[in-house]
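Commentary on secondary and tertiary structure
These are the residues of each chain, in order.
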Amino acid sequence: DTEGNILIGQDAGTGGAAALIGCIAIGRNAMNSTAANAQTGTIAIGQDALTALTSGQRNMAIGYNAGQDTTTSDDNVLIGWEVAKDATTGFLKNVGIGNYAFQQVAAGVDAENNTAVGFGAIAGVITDVAHDNTFSDQLDLEMKHQAVLVPRNMHEGAQAFMQKREPEFGGERD
């Protein structure tokens, strides 16, 4: 059963025998591995966007290789060049905006309800269970991951902005 789909590009939206309803697949190999799994409302725009997706539902991936290895993950919003390219299963309800955000998430890592905003946000950081990380948590994670490279003032500035207060800069690194 197919209705209301937009499929543009070599092999876009192919590879499945089940219902494909209200989906958008634009770009070479976009959303082309659904096999016997139905998809409703899934959006894959960009070459290889959601190309490995099988049973994952309600995902939106926009960008070259966005969500490329995602197979059974649900409810993700991925916007950017190679955002969450390596995430496979257990990657649920995440929002990644920015080129390379969530890149190098270890295969099969249980990551839910995380938000990554910005170039390379949380890239290479999620290697084990990660749940409910907000933008503020993202800054903490990245500060730990890049301790020498990210000045503490950047974190304080972002925290002050989110809390609508004057920042208290100390100038030291942590």
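Structure first, text after, so check above.
Residues numbered from 1 in each chain as written. Predicted model: local features only at pLDDT ≥ 70, side-chain atom pairs only at ≥ 80, totals over all residues. Heavy atoms only, no water.

Moving on to the overall build of the protein chain. Along its length, the protein chain carries two helices and 13 strands. Across the 174 residues that make up the protein chain, the buried fraction comes to 42%. The contacts in the protein chain between residues at least 6 apart in sequence include a share of 2% that link residues at least 24 apart. On the protein chain, roughly 8300 Å² of surface is accessible, and the fraction owed to carbon and sulfur atoms is 54%. (Helix = DSSP H or I, 4+ residues; strand = E, 2+ residues; numbered from the N terminus. Buried < 20%, exposed > 50% of the residue type's maximum accessible area, 1.4 Å probe, protein only. Contact = heavy atoms within 4.5 Å. Areas by Shrake-Rupley, 256 points an atom, 1.4 Å probe, with all protein chains shown as cover.)

On to the packing of aromatic side chains. Tallying each qualifying case throughout the model produces three aromatic pairs. Centroid distance Y100 to F119: 5.4 Å. Interplanar angle 80°. Geometry classified as edge-to-face. Linking Y100 in the loop between strand 10 (95–97) and strand 11 (111–112) with F119 in the loop between strand 12 (115–117) and strand 13 (130–131), this pair joins segments that are 19 residues apart in sequence. The exposure class of F119 is exposed, given its relative accessible area of 67%. (Phe/Tyr/Trp six-rings, centres within 6.5 Å; stacked < 30°, edge-to-face > 60°.)

Here we come to the environment of T89. Of note, T89 is situated in the loop between strand 8 (77–79) and strand 9 (91–92). In this structure T89 comes out as partly exposed when scored by relative accessible area, which is 31%. Placed 21 residues apart in sequence, T89 and D110 show a C-alpha to C-alpha distance of 7.5 Å. Discounting residues that sit within four places of it in the chain, T89 has contacts with T71, T72, S73, G108 and V109.

Spatial strand order, 1-3-5: three strands in an open sheet with parallel pairing. This sheet does not close on itself; its edge strands, each paired only once, are strand 1 (2–3) and strand 5 (39–40). Bridging between strand 3 (residues 20–21) and strand 5 involves two bridges; their strand directions are parallel. In the strand pairing of strand 5, L20 is matched with Q39. (Pairing = 2+ DSSP bridges.)

Okay, the pattern of salt bridges next. One pass over the full model with this rule turns up two salt bridges. A salt bridge links D75 to R58; the shortest N-O distance between them is 2.6 Å. With a gap of 17 residues between them, D75 in the loop between strand 7 (60–62) and strand 8 and R58 in the loop between strand 6 (43–45) and strand 7 connect regions that are remote in the sequence. Of the residues examined, D75 reaches a relative accessible area of 26% and is grouped as partly exposed. Here K85 ties to D86 by a salt bridge, and the two come within 3.7 Å at their closest N and O atoms. Classification of K85 by relative accessible area gives partly exposed; the value is 22%. (Salt bridge = Lys/Arg side-chain N within 4 Å of Asp/Glu carboxyl O.)

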